[in-house]
Amino acid sequence: MLWVLLLALLAGAGLFLWLRGQTTPQWAGTITTGGTLGSEVKVTRDAWGVPHIRARTDEDAVFALGYVHWQDRAWQMDFQRRVAQGRLSEVLGDATLNQDKFLRTWGFQRAAQSALPALAPRTRRLIAAYTAGVNAAMGSGKTALEFQILRYRPEAWTDVDSVSWSKLMAFDLGGNYEQEVVGAAVVGRLGQGGLAQVFPPYPAGAPTVLSAEEIGVQHEVAGPPTDTAAHLTNATLAALRANLRAAQALGMQAVPGKGSNNWVVGGSRTSSGKPLLADDPHLALSSPMLWYLADIQGKDLKAIGASIPGLPAIVIGRNERVAWGVTNVNPDVQDLYLEPPGTPLSSRTEVIKVKGQPDVTLTVRESRHGPIISGQGAGTLGAGGQQVALKWTALQPGDTTMDAFLGLNYARDWADFTGALRSYVAPSQNFVYADVDGNTGYYAPGRVPTRQGWDGSLPVSGDGSREWTGFIPFEQMPHTFNPADGLVVSANNQVVPESYPHNLGNERNWAAPYRAQRITDLLTAKPGGLTLDDMKKVQLDTHSLVWDDLKPYLLATVPKDEAGRRALERLRDWDGDLTVSSVPGTIFETWLIELGKIGQDDYGDTFTLNSLAVRNQLATQGAFCGSDGTCADDLARTLDAAVRHLTERLGPDSSGWQYGKLHRVASDHQVFGKISPLNRVFNHSAPTPGGTDTVNVARPDPLTFRQTHGASYRQIVDLSDPNRSLYVGSLGQSGNPLLPHAADQQNLWVQGGYLPMSTDPADWGRTQTLTLK
């Protein structure tokens, strides 16, 4: 038996070493790439695996970026483009067939193909150089572990592959379609007035990104009409929800708290007299992580920050003079049209290859508004004859967003910065800006449609009475330069006050103001002398303003039993800080999950009220409260459900209900995350602080209590000395779980640590240098 065990261990070790050898790229020495480089390029990886690229031309620098992206994230890149193409079933089988139908119907790849010819010559040159770099790395003989397991070879990279993922990001960050589906169901049950119960109005006096003084115009916008909604049958709503399920299976769904934080502080508020800029985009957490840290230095292109494998640019970061950060604006750029009978439709045939099975043929129909998404495309069985089309800015030809992102990398001042943003289409973002000369600013670019006599919040008739009349001019999009108070904060909250002359969206588009309020409070509590350490404290803050808001209602609950009474007593003196050791934090967040379900009797088990809607229900004895006209029974019932749930998972002794026992980050692999034993190799987890609508956002998943979304990347840029800037990812540089850089940033990220965001070799620690010829 000992010999058998020894042989098994030796075989396992041999397999590990063989797989590691097959999947480990070359990080040092010299590689001849086949003559596609203009001159020699040095790629120095620092102690954390971050590549610092030094090239004589911009094209060579971007070639090297493509090379290292494929070396470290080949599977991520191939998976992302297969998602955009709707070709998952080709390698994963019929388990992903509904997702492929959804992706082909919406036409993400077709939209990317139409965008490529519209890009500027410089962008096309850099994309071509990036493509050459990816394909050179692909020919090196090494392959990702996932390719070994699934037994397929990836195809050569193409220029359009570098555009296609931006379309998926636009979908992931633009959820108005989902809001229209839910809104139509709400109106069907509760009437137009019911919308405020589910989507509470943005609170009066809550912070907006820009003030009335900063937008510089005063114009009262007329209220939208209340009779524009097209009636959708239950069958149609079910068909539209099938699209949502397909997107959710891909990790793309709207969740409360999904968005981002960013802010810029002017020199009048800092100890150095120069600006500080911070950003942390809140997205789905995965293995590998979405972002890839990189430092790219060519002839004119000199940028460092967070890139996305597959894209030839730094998406968030800085160059020698300018820094920028982004959060999601989420304007209303999607509309659903119920096409009248007899509407002319075009059609195309999509052939979906399915591993191990016959090809599947899909007929996609389109009206003049866009694809019909209420039929077979999401794997549904039909929609009672109603044909609902989607109109969306990101599916229209001429998308030049890639020009904008590459332009930001080159920007030297505010004029260059805003000039680049003129090309931005989707997804619309809150860009904060700072430069080494001490200037700060903000701009919300993007193609946002204008509508006359309707607001786009609900499905409408496609009879021609509700059409877009154009787009908000770039000059009239929200922006400010060197604001008088030296501060701009955005956290997906309402962008502009009601006096803004255009309709960006309605109350459904904005996040509850808790994060924006907390950031503003923390930054203004110290009117001067702010430092990098102060910025860290704000980014990592875990105090719950939601608890502060709900506390008087929750503490007035009459528990059903002794266990409920003990749980309530633990909450009475809680300070609201959601640390991993907090017991009251566990009780509160579990209770909040139960309270969010109080509308599920009417709208199904996927329906969830956000924090602000819960607060309004409790404060006004809202429509979702009990038949007695009060929320007293709902409070007692949901507290009881929360206590029973925690007792089942952690035992009856509430002193052992520490938050970190249940609340753990779930950076799961998108394909192998639920497949045992592969999930033990590819998934990464750790206890995390933070919760619903905290600045360090970490909302527990309602089903598992795990953190599935959060700060996917953090950066703090010091414009007084840019090399003192900081950044960190949520996991690691490598996508290979057998290598040390797969998850070596996770502990830093959890504990509030950062890496030096520096172009100075003295800050890189132990290094390895690869020369590309």
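Up top is the structure these notes are about.
The residue count restarts for each chain, going from 1 along the sequence in the order it is written. Side-chain atom pairs in this predicted model are given and counted only at pLDDT of 80 or more, local residue features only at pLDDT of at least 70, and totals for whole chains, interfaces and linings cover all residues. Only heavy atoms go into the side-chain values, all of them from the structure, while hydrogens and water stay out.

> An account of helix α17 (residues 545-555) is requested, with residue identities and associated values reported.
Side chains three or four residues apart in an α-helix point the same way, a direct result of the helix having 3.6 residues per turn. Throughout, exposure labels follow a simple rule: accessible area from a 1.4 Å probe, protein chains only, divided by the maximum for the residue type, with under 20% read as buried, over 50% as exposed, and the rest as partly exposed. Numbering goes from the N terminus for both helices and strands, where a helix is a DSSP run of H or I of at least four residues and a strand is a run of E of at least two. Taken residue by residue, α17 has L545, V546, W547, L550, L554 and L555 as its buried positions. Throughout, a contact is declared for two residues whenever any of their heavy atoms are within 4.5 Å. Considering only its buried residues, α17 is in contact with α15 (514-524), α18 (562-572), α19 (583-595), α21 (611-620) and α22 (632-650). Distance and chemistry together define a polar contact, namely a pair of N or O atoms within 3.5 Å, with one atom able to donate a hydrogen and the other to accept it when in protein, and with adjacent residues in sequence counting only for side-chain atoms on both sides. If you check the start of α17, you find a side-chain oxygen 3.4 Å away from the backbone N of V546, and it comes from S544.

> I'd like a rundown of the packing of helix α2 (residues 58-85) against helix α8 (residues 161-172), residues and numbers included.
Helix-helix packing is described using two parameters, namely the angle between the two axes and the distance between the axes. Note on definitions: angles span 0 to 180 degrees between N-to-C directions of axes, and those axes are lines fitted to C-alpha atoms, for helices only across the stretch in contact. At their nearest, the axes of α2 and α8 sit 9 Å apart, and the two run at 70° to each other. It follows that α2 is roughly perpendicular to α8 by the angle criterion. Once α2 is placed against α8, the crossing between them reads as left-handed. Between α2, through Q80, R81, V83, A84 and Q85, and α8, the contact on the second element is made entirely by D161, S164, W165 and L168. Convention used here: angles under 35 degrees read as roughly parallel, angles over 145 as roughly antiparallel, angles from 65 to 115 as roughly perpendicular, and any remaining angle as oblique. Each crossing gets its hand from how the near helix is turned against the far one by less than a right angle, where anticlockwise is left-handed and clockwise is right-handed.

> Account for the pattern of salt bridges, with residues named and values stated.
Whenever a carboxyl oxygen of Asp or Glu lies within 4 Å of a side-chain nitrogen of Lys or Arg, that contact is scored as a salt bridge. Going through the model one piece at a time under the given rule, you end up with 35 salt bridges. Between K167 and D399 there is a salt bridge, with its nearest N and O atoms 2.6 Å apart. In this pair, K167 sits in helix α8 while D399 sits in the loop between β14 (387-392) and α13 (401-410), placing the two residues 232 residues apart along the sequence. Each member of the pair, K167 together with D399, is buried. Between K597 and E594 there is a salt bridge, with its nearest N and O atoms 3.4 Å apart. The partly exposed category is assigned to K597, whose relative accessible area is 27%. Judged by relative accessible area, E594 falls into the buried class, the value being 15%. Residues participating in the shared-partner salt-bridge network are D78, R81, R82, R87, E90, E155 and D161.

> Describe the nonpolar core, with residues and values.
Among buried residues, those of type Ala, Val, Leu, Ile, Met, Phe, Trp, Tyr and Cys that are joined through side-chain atoms within 4.5 Å constitute a nonpolar core. One finds W392, F417 and L772 to be the most contacted residues of the largest nonpolar core, which totals 149 residues. Sort the elements by how many residues they give to this core and α2 lands first, with 14 residues. Excluding anything up to four places from it in sequence, L772 contacts I31, T33, L37, S39, E40, V41, V43, F63, A64 and Y67. Counting 44 residues, the second largest nonpolar core, distinct from the first, contains L195, V198, I587 and L609.

> Run through the sheet that holds strand β15 (residues 429-435), naming residues and quoting values.
For two strands to be treated as a pair, DSSP must find no fewer than two bridges joining them. Strands sit in the order β1-β28-β2-β3-β7-β8-β9-β10-β15-β16-β20 across an open sheet of eleven strands; the sheet is mixed. Each edge of the sheet is formed by a strand with only one pairing partner; in this case those strands are β1 (29-31) and β20 (479-481). Adjacent strand axes in the sheet meet at a mean angle of 20° when their direction is disregarded. Of the pairings in the sheet, the one linking β1 to strand β28 (residues 768-772) comprises three bridges and is parallel in character. Paired with T30 across the two strands is T771, which belongs to β28. Against the sheet, α13 contacts β8 (302-307), β9 (314-319), β10 (322-328) and β15, and its axis sits at roughly 15° relative to β9.

> Lay out the sheet that holds strand β11 (residues 334-339) in plain terms, naming residues and giving numbers.
The strand order across the open sheet formed by three strands is β14-β11-β18, and the pairing between neighbours is mixed. Bordering the open sheet on either side are β14 and β18 (460-461), each of which pairs with just one other strand. Here six bridges tie β11 to β14, and the two strands are oriented antiparallel to one another. Within the sheet, the bridge partner assigned to L336 lies in β14 and is L390.

> An account of the environment of G656 is requested, with residue identities and associated values reported.
Structurally, the position occupied by G656 is in the loop between α22 and α23 (659-662). Residue contacts for G656: discarding those within four places in its chain leaves L650 and K661.

> Give a description of helix α14 (residues 414-421) that names residues and reports values.
Residues W414, F417, T418, A420 and L421 constitute the buried set of α14. With its buried residues spanning 155° around the axis, α14 presents them on a single face. Buried residues along α14 sit against β10, α13, β15, β16 (440-443) and β20. Near the N-terminus of α14, the side chain that reaches the backbone nitrogen of A415, with its oxygen 3.2 Å away, is that of D413. Arc, as used here, means the arc of the directions from the helix axis to the C-beta atoms.

> Can you break down the packing of helix α6 (residues 121-138) against α13 residue by residue, with the values?
Following both chains from N to C, one finds α6 and α13 inclined at 90°, their axes separated by 10 Å at the closest point. Relative to α13, the element α6 lies roughly perpendicular. Two secondary-structure elements touch here, α6 through R122, T123, L126 and I127 and α13 through M402, D403, L406, G407 and Y410. The residue classification treats Ala, Val, Leu, Ile, Met, Phe, Trp, Tyr, Cys and Pro as nonpolar and Asp, Glu, Lys and Arg as charged. All others, Gly included, are polar. Class assignment for the residues of the contact of α6 with α13 results in five nonpolar, two polar and two charged.

> So what's going on with the pairing of β28? Residues and values would help.
Relative to β28, strand β2 (residues 41-45) runs antiparallel, the two sharing five bridges. If you follow K42 over to β28, its bridge partner there is T771.

> I'd like a rundown of the environment of Q396, residues and numbers included.
Inspection of the secondary structure puts Q396 in the loop between β14 and α13. As a C-alpha pair, Q396 and G660 span 264 residues in sequence and 45 Å in three-dimensional space. Excluding residues that lie within four positions of it along the chain, Q396 makes contacts with S114, K391, R447, W468 and F471.

> Explain unusual backbone geometry residue by residue, including any values.
The step from S287 to P288 runs through a cis peptide bond, and the omega angle for that step is 0°. Note that P288 resides in the loop between β6 (286-287) and β7 (292-297). With omega at -5°, the peptide bond leading from A426 into P427 counts as cis. When you line up the elements, P427 lands in the loop between α14 and β15.

> So what's going on with the packing of aromatic side chains? Residues and values would help.
What describes a pair of aromatic rings is the distance from one ring centre to the other and the angle between the planes of the rings. Any two of the Phe, Tyr and Trp rings considered here, Trp counted by its six-membered ring, make a pair once their centres fall within 6.5 Å; the pair's planes then place it as stacked at under 30 degrees, edge-to-face at over 60, or tilted in between. Inspection of every chain in the model, using the stated rule, returns 32 aromatic pairs. Where W414 meets Y433, the ring centres are 5.1 Å apart and the plane angle is 70°; that geometry is what we call edge-to-face. Taken together, the positions of W414 in helix α14 and Y433 in strand β15 put the pair 19 residues apart, joining distant regions of the chain. Taking the relative accessible area as the measure of exposure, Y433 reaches 0% and is therefore buried. Here the aromatic rings of F417 and Y433 are separated by 4.8 Å at their centres, their planes lie at 50°, and the arrangement is tilted. Of this pair, F417 sits in helix α14 while Y433 is found in strand β15, placing the two residues 16 residues apart along the sequence. By relative accessible area, F417 is classed as buried at 0%. Connected via pairs of aromatic rings, a cluster forms that spans F405, W414, F417, Y424, F431, Y433, Y443, F474 and F481. Lying over the aromatic face of Y410, R122 brings its terminal NZ or CZ to 4.0 Å of the ring centre. Consider the ring centre and the ring normal. A charge sits over the ring if Lys NZ or Arg CZ is within 6 Å of that centre and within 35 degrees of that normal.

Everything listed here is a matter of coordinates, which is why it stays silent on function.
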